[in-house]
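# Observations on the three-dimensional arrangement
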2 protein chains.
Amino acid sequence: MTSPRIYKHDQPFAMRRGGVLASIELAYETWGTLSDNKDNAVLILTGLSPSAHAASHEDDPSEGWWEALVGPGKAIDTDRWYVVCVNSLGSCWGSTGPASIDPSTGERYGPTFPELCLEDVAAAAGLVLDHLDIEYLDTLIGPSMGGMSALAYLIQRPGTVKRLLSISSALYSEPFATAIRALQREAVWSDPEYADGWYQPDQPPARGMRLARKVGMISYRSAEEWRARFKRDRIDADKAHPFAPEFQVESYLELHAQRFVGSFDPNCYLWLSRAMDWFDPAAGESPSKVMAGLGLSEATVIGVESDMLFPIHQQKAIAEALQSAGVPTHFDGLASIQGHDSFLVDIGRFDPAVRRAMSTDK
Amino acid sequence: MTSPRIYKHDQPFAMRRGGVLASIELAYETWGTLSDNKDNAVLILTGLSPSAHAASHEDDPSEGWWEALVGPGKAIDTDRWYVVCVNSLGSCWGSTGPASIDPSTGERYGPTFPELCLEDVAAAAGLVLDHLDIEYLDTLIGPSMGGMSALAYLIQRPGTVKRLLSISSALYSEPFATAIRALQREAVWSDPEYADGWYQPDQPPARGMRLARKVGMISYRSAEEWRARFKRDRIDADKAHPFAPEFQVESYLELHAQRFVGSFDPNCYLWLSRAMDWFDPAAGESPSKVMAGLGLSEATVIGVESDMLFPIHQQKAIAEALQSAGVPTHFDGLASIQGHDSFLVDIGRFDPAVRRAMSTDK
């Protein structure tokens, strides 16, 4: 298995908030074929936890995190587009991050990893495109945190992207989202097993990661979805513990928490989470000023009414900023009830919306 | 200081889900004077964490948790009404709960405390009224969890209450609220310091209680309020810890968490929290059937549009069930932006709404 591909960038990588990584590795995957005149490249920047494996392909037939939307004939049609997906710098799916070995010490970076920004994530993704000798993108796609990284990318490389597809993202983190993320981080770092970031990989702060993931699931979904899905249904609980799951919804959270613990590195989680809180490219100025210099020909902004983490008014703000900056922008406010996660699961609504965004014949 | 008053019920108290407490103590406070014909009694049942000290009085001039609404000339006018507020059974403000000494062992009940239901809370409150020789209530008031306990009280003592004032409560816990509470409980019981419930009072599971309280604050308030209140304002952080609060909203959560830890007993918290998840008097049947036999003359149901924990549609469901059961019911859906906590802080909206509910001249 040669997936993901790894680009070794053997030069110093300066981090925006200070610190330099002597060299970095970046994991990425590609689908489709780059056209001779290189006019069909599409870059996907991801949310906090996904890898570069957006969809299955020959080298890795396992299902990807966006399998329903990326592939031959699908909304992001890999028969037509050359699609690249990069694992974020700071993550743990092949790209350099806190869980990687620091070549200068031979030990994991752990808490010595420099402070991470989404501008660093964007710059690192740009290095992969340089490596692939792709200067121009037809479309830059960013769901969730990926939409923030996409905006950072556009600011760093103005005039190199024709179209933006921003999904359930934000121009900056609002206090409610910051509060949720701060809580998730505290669950992890306050777990004694976190050991100030020096936990052993086989002994992660599991209690904290479980809680963080459960907070995540609560904020990624919606009360409306769960009302219909779980009602007050009980499970057959073994009651090994007085507070063992008893309602369906508790068992659902438990399942997701168990899957997450041991699969995602706690430091990577903390570093990426905090990067989202810091992101604020307009920094109180008018966001349309930021958008004005990006050189986009068109944009699509998709959001979901039930999203409490990246609420619909933030999607409208992105669309309005683009429109005010003179970028022809289509705004799609979807009635999905699955909250922030809708772009992963409400394919019935997202397939046509993403197809429309990707169409060159609107 | 003789506040709160303690009623010692020196008889066995059978718990609904099994188990018997050999005797119980119940803390309560009163305001105003009971009329000669005992027709002006008002009972307040509380949310999860408040004590019986709803408002200041001669014996305890300190500010109460509902000071703005309870007092002479206030919305709940103690010049007119004889107001009683009881600390919930299972709580730790004077009433018997997991933090109390088990007379049979001389040790704290801790995790041996029997499973607690809101029906037990209601029955215990009823014993205080028996002790005060009050059979009939003019008005039963229940905000939040207190609204659930109030409904349990009405079912246990049909025909003894003239008017119900239900505030930001629910007929049962929906999966979203259950998920939030399960998460809060897990933060506490999974803290190693919880020690399976046998922590020492001076060494509580502080990390878990901090997290539980922060989850609470996030679910008690609203994104809208925090957007206006905190924006992206920073604090002067000492950065003693890499993840120390940096944004105003983080510092706000930190302050509330610090206040809570050490003041509320963790086992009491767990027992009361779980009681809310279990509460479901209609148990899938039509709630109006439950309401039909209560003997109420009128009811007021107040809810808040921004409440994510006890959402407005649950308030409407209470009002509709009462109305269908033939109880003349006034529903007040308030536009408060402070979420579930609005009844404690949005006095501008709650004062007139509660005044209307308490008025006998509508």
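Here the residue numbers are simple positions, counted from 1 along each chain's written sequence. Lettering of chains starts at A and numbering of ligands starts at 1, both following the order in which they are written. Where local features are concerned, this predicted model is filtered to residues with pLDDT of at least 70; where side-chain atom pairs are given and counted, the filter is 80 or more; whole-chain, interface and lining totals use all residues. Hydrogens and waters are ignored; side-chain quantities use all the structure's heavy atoms.

## Quick notes on the domain arrangement of chain A
Residue and element names in this part refer to chain A.
- Per the annotation, domain bounds derive from an automatic or database assignment of domains. Taken domain by domain, chain A comprises domain 1 (5-172 + 280-358) and domain 2 (177-273).
- For domain 1 and domain 2, the distance between their C-alpha centres works out to 25 Å.
- The quantity reported as buried area is the accessible area (1.4 Å probe) lost by two parts once they are put together, taken as the sum for both. Counting the surface lost from both domain 1 and domain 2, the interface buries some 2,400 Å², and carbon and sulfur atoms represent 69% of this.
- When a carboxyl oxygen of Asp or Glu is within 4 Å of a side-chain nitrogen of Lys or Arg, the pair counts as a salt bridge. Summed over the shared surface of domain 1 and domain 2, the number is two salt bridges.
- A salt bridge links Asp341 to Arg221; the shortest N-O distance between them is 3.2 Å.
- Under the scheme applied here, ten amino acids are nonpolar (Ala, Val, Leu, Ile, Met, Phe, Trp, Tyr, Cys and Pro), four are charged (Asp, Glu, Lys and Arg), and all others, including Gly, are polar. A breakdown of the residues in the side of domain 1 that touches domain 2 according to their chemical character gives 18 nonpolar, 10 polar and three charged.

## Examining the sheet that holds strand S4 (residues 24-31) of chain B
Residues and elements named next belong to chain B.
- Overall, mixed pairing links the eight strands, which are arranged S1-S4-S8-S5-S11-S12-S13-S14 in an open sheet. In this open sheet, the two strands that pair with only one neighbour each are strand S1 (5-9) and strand S14 (329-334). Within this sheet the neighbouring strands show an average axis-to-axis angle of 20 degrees, counted without direction.
- One ladder, built from five bridges, connects S1 with S4; its direction is antiparallel. Directly across from His9, in S4, lies its bridge partner Ile24.
- Between two residues, a contact is recorded if the distance between any of their heavy atoms is within 4.5 Å. Comment: axis = line fitted to C-alpha atoms, over the contacting stretch for helices; angle = value between 0 and 180 degrees taken between N-to-C directions. In this text, helices come from DSSP runs of H or I with a minimum length of four residues, and strands from runs of E with a minimum of two, each type numbered from the N-terminal end. Along the sheet face, helix H9 (residues 312-324) touches strand S12 (161-167), strand S13 (298-304) and S14 and points at about 170 degrees away from the line of S13. Each pair of strands is called paired provided DSSP finds at least two bridges between the two strands.

## Comments concerning the side chain of A:Asp120
All names here are of chain A.
- In this fold, Asp120 is placed in helix H1 (residues 118-131).
- Relative accessibility thresholds used throughout: buried, under 20% of the residue-type maximum; exposed, over 50%; partly exposed, between the two (1.4 Å probe, protein chains only). The charge count treats Lys and Arg as positive and Asp and Glu as negative. His and the chain ends do not count. The charged side chain of Asp120 is buried without a salt bridge, its nearest counter-charge being Arg16 at 6.5 Å.
- Those residues in contact with Asp120 that sit more than four places away from it in its chain are Phe13, Ala14, Met15, Arg16, Leu89 and Glu115.

## Some details on the pairing of S12(B)
Residues and elements named next belong to chain B.
- The element S12 is largely enclosed, with a buried count of six among its seven residues.
- Relative to S12, strand S11 (residues 137-143) runs parallel, the two being bridged by six bridges. Across the sheet, the residue bridging to Thr139 is Arg163, located in S12.
- Between the parallel pair S11 and S12, the chain is carried across by helix H2 (residues 145-156), and the sense of this crossover is right-handed.
- Two strands pair when backbone bridges link them, and S12 and S13 are joined in this way by five bridges, in the parallel orientation. Bridge pairing in S13 places Arg163 opposite Glu298. Look down the strands so they point away from you; if the path from the first strand over the helix to the second goes clockwise, the crossover is right-handed.

## Focus on unusual backbone geometry
- Even without a glycine there, the phi angle at A:Asp133 is positive, about 60 degrees.
- Relative to the assigned elements, A:Asp133 resides in the loop between H1 and strand S11 (137-143).
- Owing to a relative accessible area of 52%, A:Asp133 belongs among the exposed residues under this scheme.
- Even without glycine at this site, B:Lys38 takes up a positive phi of about 55 degrees.
- If you trace the backbone, B:Lys38 turns up in the loop between S4 and strand S5 (41-45).
- The class for B:Lys38 is partly exposed, based on a relative accessible area of 31%.

## Side note on the packing of helix H3 (residues 175-189) of chain A against helix H4 (residues 206-220) of chain B
- Two numbers describe how H3(A) lies on H4(B): the axes approach to 10 Å, and their chain directions differ by 165 degrees. Judged by the inter-axis angle, H3(A) sits roughly antiparallel to H4(B). As H3(A) runs across H4(B), the sense of the crossing is left-handed. Side by side, H3(A) and H4(B) meet where A:Phe176, A:Ala179, A:Ile180, A:Leu183, A:Glu186 and A:Ala187 of the first sit next to B:Arg210, B:Leu211, B:Lys214, B:Val215 and B:Ile218 of the second. Small angles under 35 degrees read as roughly parallel and large ones over 145 as roughly antiparallel, with 65 to 115 read as roughly perpendicular and the rest as oblique. Note on convention: near helix rotated counterclockwise from far helix by under a right angle means a left-handed crossing. Clockwise means right-handed.

## A few points about the packing of H4(B) against helix H6 (residues 248-260) of chain B
Residue and element names in this part refer to chain B.
- Between H4 and H6, the least distance of the axes is 8 Å, while the angle of their chain directions is 125 degrees. Between H4 and H6, the angle falls in the class oblique. Here H4 and H6 pass one another in a crossing that is right-handed. Contacts from Met209, Arg210, Arg213, Lys214, Met217 and Ile218 of H4 reach H6 at Tyr252, Leu253, Glu254, His256, Ala257, Gln258 and Phe260.

## Considerations on the interface of chain A and chain B
- With 49 residues of chain A in contact, the opposing surface of chain B contributes 49 residues.
- Interface area lost by chain A to chain B is led by A:Phe176, A:Arg232 and A:Phe243, which between them contribute 18%.
- Inspection of the region where chain A meets chain B yields 10 salt bridges.
- Residue B:Glu174 is joined to A:Arg227 by a salt bridge in which the shortest nitrogen-to-oxygen separation is 3.1 Å.

## A look at the relation of the copies chain A and chain B
- For the match of chain A to chain B, the screw axis carries a shift of 0.0 Å, the RMSD comes to 0.0 Å, and the turn is 180 degrees. Both copies are brought into coincidence by an operation consistent with a two-fold rotation axis.
- Both copies share a contact surface, since 100% of the interface residues of chain A are interface residues in chain B too. Superposition of the copies used a least-squares fit over C-alpha atoms from residues whose pLDDT is at least 70 in both.

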